[in-house]
Amino acid sequence: MRHTDFHRLTVVNGTPWFWGVTWQVINECKKQQIEELKEEAREELKKASAVKSPELLKLIDSIRLLGVAYHFGREIEEALKDMFETYSLLVDDNEDLTTSSLRFRLLIKEGYDFPSVADYIYDAYGTIEELLLLTEAVERWDASFIDQLPTDYLKWFYQALLNVYEEMEEEMAKEGKSFHVPYSKEAMKRQIQAYFAEAKWLSQGYALTFEEYLNKALVSSGHTLLIATSFVGMGDVVTEEAFQWVLGLDKMIRALELVGRAMNEIYSCP
């Protein structure tokens, strides 16, 4: 074989043929390593979830922060669903505030909303004295107030609430839409105030008039909060006037709340 023929065989577009083969081998090895690491991460998620390990929260958070959560969507969803269904607010009194706050933040990101959890606290767990302090804390919206809350589960609920809205503010600031967030905060405050009023009336055995019941029950249905919070991430489509319309309790909003409350009452009947 002449030298020129050999050169044609070994050089393609100015690159020696073995370079291409070498890079192909390297790429295949990397793909295999990536698949092995993904499988290892899945196994770690399953193990941590099975034994209810506190490391599960840190593992899920790390996966999310690395931006690879989409590889483990099913495993993360199942782990958090199990956590939400089996975790009791009063079981783990020794859990530190950071871990508890992280638990709440991950649940919220997965779609478990604050009104469902807050309703759980106000209906089932808090004493009226504890709930009064929590309500005051939400009204003040001040992280320094957290030390005045008497129990750990109230502290981590409050800390998680502040954290979620802080993240929301950071995201909206990037888009130049910081004015969106205060309206959602105001809707959240109204929601908590309505929960507290209902809890207080129940503890006192107070017989409500229909008008008194309706005024709070419509708010606690959560529809105003849901709409206001949904508006936050809708960009230029939503104006400040739109938020004012929602919080002004327009007739359309009141009608929606009425239907929502009626449906809640129907489904709660035995």
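Residues numbered from 1 in each chain as written. Predicted model: local features only at pLDDT ≥ 70, side-chain atom pairs only at ≥ 80, totals over all residues. Heavy atoms only, no water.

Trainee: Explain the overall build of the protein chain to me, and be specific about the residues and the numbers.
Mentor: Within the protein chain one finds 13 helices and two strands. Here the protein chain holds 270 residues, and 39% of them are scored as buried. A separation of at least 24 residues holds for 64% of the contacts in the protein chain among residues at least 6 apart in sequence. Accessible surface, the protein chain: about 16,300 Å² in total, of which carbon and sulfur atoms supply 57%. (Helix = DSSP H or I, 4+ residues; strand = E, 2+ residues; numbered from the N terminus. Buried < 20%, exposed > 50% of the residue type's maximum accessible area, 1.4 Å probe, protein only. Contact = heavy atoms within 4.5 Å. Areas by Shrake-Rupley, 256 points an atom, 1.4 Å probe, with all protein chains shown as cover.)

Trainee: Lay out the environment of Trp245 in plain terms, naming residues and giving numbers.
Mentor: Of note, Trp245 is situated in helix 12 (residues 240-247). Residue Trp245 is classed as partly exposed on the basis of its relative accessible area of 34%. Contacts of Trp245, omitting those with residues within four sequence positions, involve Asp250, Met252 and Ile253.

Trainee: An account of helix 11 (residues 223-232) is requested, with residue identities and associated values reported.
Mentor: Among the 10 residues of helix 11, seven are classified as buried, and the element is accordingly described as predominantly covered. The complete set of buried residues in helix 11 reads His223, Thr224, Leu225, Ile227, Ala228, Phe231 and Val232.

Trainee: Please give an account of the packing of aromatic side chains that cites residues and values.
Mentor: Applying the stated rule across the entire model yields five aromatic pairs. Measuring from centroid to centroid gives 5.1 Å for Trp141 and Tyr165, while their planes differ by 90°, and the two rings are edge-to-face. Note that Trp141 is positioned in the loop between helix 7 (128-140) and helix 8 (152-174) and Tyr165 in helix 8, a separation of 24 residues in sequence. Take Trp141 and Tyr165: they sit in the same class, and that class is buried. Plain terms: the ring middles of Phe231 and Phe243 are 5.9 Å apart, the flat faces sit at 80° to each other, and that makes the pair edge-to-face. Of the two residues, Phe231 sits in helix 11 while Phe243 sits in helix 12, which places them 12 residues apart along the sequence. For the pair Phe231 and Phe243, one class covers both residues: buried. By way of ring pairs, the aromatic residues Tyr183, Phe231 and Phe243 are connected into one cluster. (Phe/Tyr/Trp six-rings, centres within 6.5 Å; stacked < 30°, edge-to-face > 60°.)

Trainee: Tell me about the packing of helix 7 against helix 9 (residues 181-204), residues and numbers included.
Mentor: Two measures define how a pair of helices packs: the angle their axes make with one another and the distance between the axes. Running from N to C, helix 7 and helix 9 point in directions that differ by 165°, and their axes come no closer than 10 Å. When the axis of helix 7 is compared with that of helix 9, the two are roughly antiparallel. Note that helix 7 runs across helix 9; the crossing there is left-handed. Residue-level contacts link Ile128, Leu131, Leu132, Thr135, Val138 and Glu139 of helix 7 to Lys189, Ile192, Gln193, Phe196, Ala199, Lys200 and Ser203 of helix 9. A class-by-class count of the residues in the contact of helix 7 with helix 9 yields seven nonpolar, three polar and three charged. (Axes fitted to C-alpha atoms, helices over the stretch in contact; angles between N-to-C directions. Parallel < 35°, antiparallel > 145°, perpendicular 65-115°, else oblique. Left-handed = near helix turned anticlockwise from the far one by under 90°. Nonpolar A, V, L, I, M, F, W, Y, C, P; charged D, E, K, R; others polar.)

Trainee: Run through a negative patch on the surface, naming residues and quoting values.
Mentor: Negative charge collects at one region of the surface, where Glu36, Glu40, Glu43 and Glu44 lie side by side. Relative to the helices and strands, Glu44 resides in helix 2 (residues 17-50). Among the residues examined, Glu44 registers a relative accessible area of 39% and is labelled partly exposed. (Patch = residues over 30% accessible without salt bridge, like charges linked within 9 Å, V, L, I, M, F, W, Y side chains within 5 Å. Salt bridge = Lys/Arg side-chain N within 4 Å of Asp/Glu carboxyl O. Lys, Arg positive; Asp, Glu negative; His and termini not counted. Charge placed at Lys NZ, Arg CZ, Asp CG, Glu CD.)

Trainee: Which residues make up the nonpolar core, and what are the values?
Mentor: Core analysis: the largest hydrophobic core is formed by 43 residues, its most contacted members being Ile121, Tyr122, Leu134, Tyr158, Tyr165 and Met188. The biggest single contributor to this core is helix 8, with 12 residues. When residues no more than four places from it in sequence are discounted, the contact partners of Tyr122 are Leu131, Leu134, Thr135, Ile192, Tyr195, Phe196 and Ala199. (Core = buried A, V, L, I, M, F, W, Y, C linked by side-chain atoms within 4.5 Å.)

Trainee: Account for helix 8, with residues named and values stated.
Mentor: Between its terminal C-alpha atoms helix 8 stretches 33 Å, which fits the 33 Å expected from 23 residues at 1.5 Å a residue. Taken from the residues just after helix 8, Gly176 is the one with a positive phi, measuring 70°. (Expected span 1.5 Å × (residues − 1).)

Trainee: Account for the confidence of the model for the protein chain, with residues named and values stated.
Mentor: Predicted coordinates in regions of low pLDDT should not be interpreted in detail. Per-residue confidence for the protein chain gives a mean pLDDT of 76, with 73% of residues at or over 70. The least confident element of the protein chain is helix 1 (residues 3-10), whose mean pLDDT is 45; the most confident is helix 7, at 95. Here residues 1-13 is a poorly scored stretch, pLDDT under 50, and it has seven contacts once near neighbours within four places are set aside; other chains count. (pLDDT = per-residue confidence, 0-100.)

Trainee: Could you give me a rundown of the pattern of salt bridges, with the residues and numbers involved?
Mentor: For the coordinates displayed, the defined rule picks out five salt bridges. In this structure, Arg74 and Glu75 form a salt bridge, with 3.4 Å as the shortest nitrogen-oxygen distance. A relative accessible area of 9% places Glu75 in the buried class. Glu169 is the salt-bridge partner of Lys185, the closest N and O atoms lying 2.7 Å from each other. With a gap of 16 residues between them, Lys185 in helix 9 and Glu169 in helix 8 connect regions that are remote in the sequence. Residue Glu169 is classed as partly exposed on the basis of its relative accessible area of 32%.

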